[in-house]
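# Architecture and fold: a report
What follows is each chain in one-letter form.
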Amino acid sequence: MAAGQTVTVYGAYGHTGRFVVAHLRERGFVPVLAGRDAGRLEALAAGHPGPEVRPAAVDDPAALDDALAGAAAVVNCAGPFATTAAPVVEAALRARIPYVDVAAEIEANDDTFTRYADQARRAGAVVVPAMAFYGGLGDLLATAAMGDWTAADEAHIAYGLSGWEPTRGTRVAGRVSAERRGGRRVRFTGGRLRYHDDELSTVVWPFPEPLGSRPVVSEFTMADVVTLPSHLTVPEVRTYMTTEAAGGVASPDTPAPTPVDERGRSAQTFVVDVVVRRGTAERRAVARGQDIYAVTAPLAVEAVDRVLTGRTRTTGVASAGALFDAPDFLDALAPHIVWERLPATGSAV
């Protein structure tokens, strides 16, 4: 265990950042609260006396260096990651400490792999983008489902969310991504990201019971289209979203998440159903849990712990499935996330 070590959380006062700070404390780490807004950092610290506060703007390298000074690792929870990822990655490389972020932005994650792969590898550093519900969990499940396969023809990740009440950060990130794409949509096909103007369609996905078959928006593309192909030989990666959740995140009238328990989690539940195909053979892995923002915290903190204790498979910029033993990592997430391999039953597509 790496308990007792200091971890800087950039964007600590955000919705997901607060969950990460709380989970770091539960795991015995010492969080340092960092971010762009000094007032919000002080307010967060006042509610939990003890943590050090280090304000830092992303366009101030010296302040970022101060925010990371003495830390064993940094977790970047501050979106939009199109703005924050590069400066915080560079600060982590200067400090020679591991970097973990919770980015769901497809292009921002692709940028991290593209820009820093060589530099991080040469430095023997560890940079883990998308270590979150989107991008991280699907990658771990797909890697676990693949087992001894070294390649597959297709990977399908279906998100069975009971609903989706987006945070302010999710809405801002969505607007930034839409602007970067010029209003187009994105898919991963033929071994690369491609942009298109096709209308989204609805199909039925056979989620395991008790959720059962549900309508999903086909090609509701998420960060898995960056993380999976970064290390798995799968030329077609497709993601799907239950229509209730897709409608919730798209509507400007959907409220922010409402806490319903002592941990601050919302009532939202999820099933993530992953099917990988090779020829006529299929393999399947499923995960269940509550609150997509809350479960990002154990994902990110488990990653930090494993990097700091040397339980990794490579260096450089790496996704969760490439860096960690996927089944063992998923087992360690209980009770926050419970997963299993299931017999493949044939999907809707």
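Preceding this section is the structure that the text describes.
Residues numbered from 1 in each chain as written. Predicted model: local features only at pLDDT ≥ 70, side-chain atom pairs only at ≥ 80, totals over all residues. Heavy atoms only, no water.

With 5 bridges joining them, strand E8 (residues 185-189) and strand E9 (residues 192-196) adopt antiparallel strand pairing. Note on E9: the bridge partner recorded for threonine 189 is arginine 192. Counting the residues that bridge the hairpin from E8 to E9 gives 2 residues, and of these glycine 190 lies at a positive phi of roughly 65°. (Pairing = 2+ DSSP bridges. Helix = DSSP H or I, 4+ residues; strand = E, 2+ residues; numbered from the N terminus.)

Inspection of the secondary structure assignment puts arginine 181 in the loop between helix H7 (168-180) and E8. Residues within four places of arginine 181 in sequence aside, it is in contact with Ile106, Glu107, Val186 and Tyr195. (Contact = heavy atoms within 4.5 Å.)

Attention now moves to the packing of helix H1 (residues 15-26) against helix H10 (residues 296-308). Relative orientation of the contacting elements H1 and H10 amounts to 55°, with a least axis distance of 8 Å. By the angle between their axes, H1 is oblique relative to H10. Judged by the twist between their axes, the crossing of H1 over H10 is right-handed. Along its contact with H1, which presents Thr16, Phe19, Val20, His23 and Leu24, the element H10 presents Thr296, Ala297, Pro298 and Val301. A per-class count over the contact of H1 with H10 returns 6 nonpolar, 3 polar and no charged. (Axes fitted to C-alpha atoms, helices over the stretch in contact; angles between N-to-C directions. Parallel < 35°, antiparallel > 145°, perpendicular 65-115°, else oblique. Left-handed = near helix turned anticlockwise from the far one by under 90°. Nonpolar A, V, L, I, M, F, W, Y, C, P; charged D, E, K, R; others polar.)

Okay, the sheet that holds strand E4 (residues 73-76) next. Strand order in this open sheet of 7 strands is E3-E2-E1-E4-E5-E6-E15, and the pairing throughout is parallel. Two strands close off the open sheet at either side, each with one partner strand: strand E3 (52-55) and strand E15 (316-317). Sheet topology places E4 next to strand E5 (residues 99-101); 3 bridges connect them, and they run parallel. In the strand pairing of E5, valine 75 is matched with valine 100. With respect to the sheet, helix H2 (residues 38-47) is in contact with strand E2 (30-35) and E3, its orientation differing from that of E3 by roughly 170°. Running at roughly 160° to E4, H10 makes contact with strand E1 (6-10), E4, E5 and strand E6 (126-128) of the sheet.

What follows is about the packing of helix H4 (residues 81-95) against helix H5 (residues 106-123). Where H4 contacts H5, the axes come no closer than 10 Å and their chain directions differ by 20°. Classified by the angle between their axes, H4 and H5 sit roughly parallel to one another. Seen along the crossing, H4 lies across H5 with a hand that is right-handed. On H5, the residues touching Phe81, Ala82, Ala85, Ala86, Val89, Glu90 and Leu93 of H4 are Ala108, Thr112, Arg115, Tyr116, Gln119 and Ala120. Its residues assigned to classes, the contact of H4 with H5 shows 9 nonpolar, 2 polar and 2 charged.

Each α-helix winds once per 3.6 residues, and so residues spaced three or four apart point in a common direction. Listed in full, the buried residues belonging to helix H9 (residues 243-250) are Ala245, Ala246, Gly248 and Val249. Within H9, the buried residues cover an arc of 165° as seen down the axis, which keeps them to one side. (Buried < 20%, exposed > 50% of the residue type's maximum accessible area, 1.4 Å probe, protein only. Arc of directions from axis to C-beta.)

Let's shift gears to the environment of valine 307. Relative to the helices and strands, valine 307 is located in helix H10. In this structure the C-alpha to C-alpha distance between valine 307 and valine 272, which are 35 residues apart in sequence, comes to 25 Å. Setting aside residues no more than four positions away along its own chain, valine 307 makes contact with Pro98, Val126, Thr312, Leu323 and Phe324.

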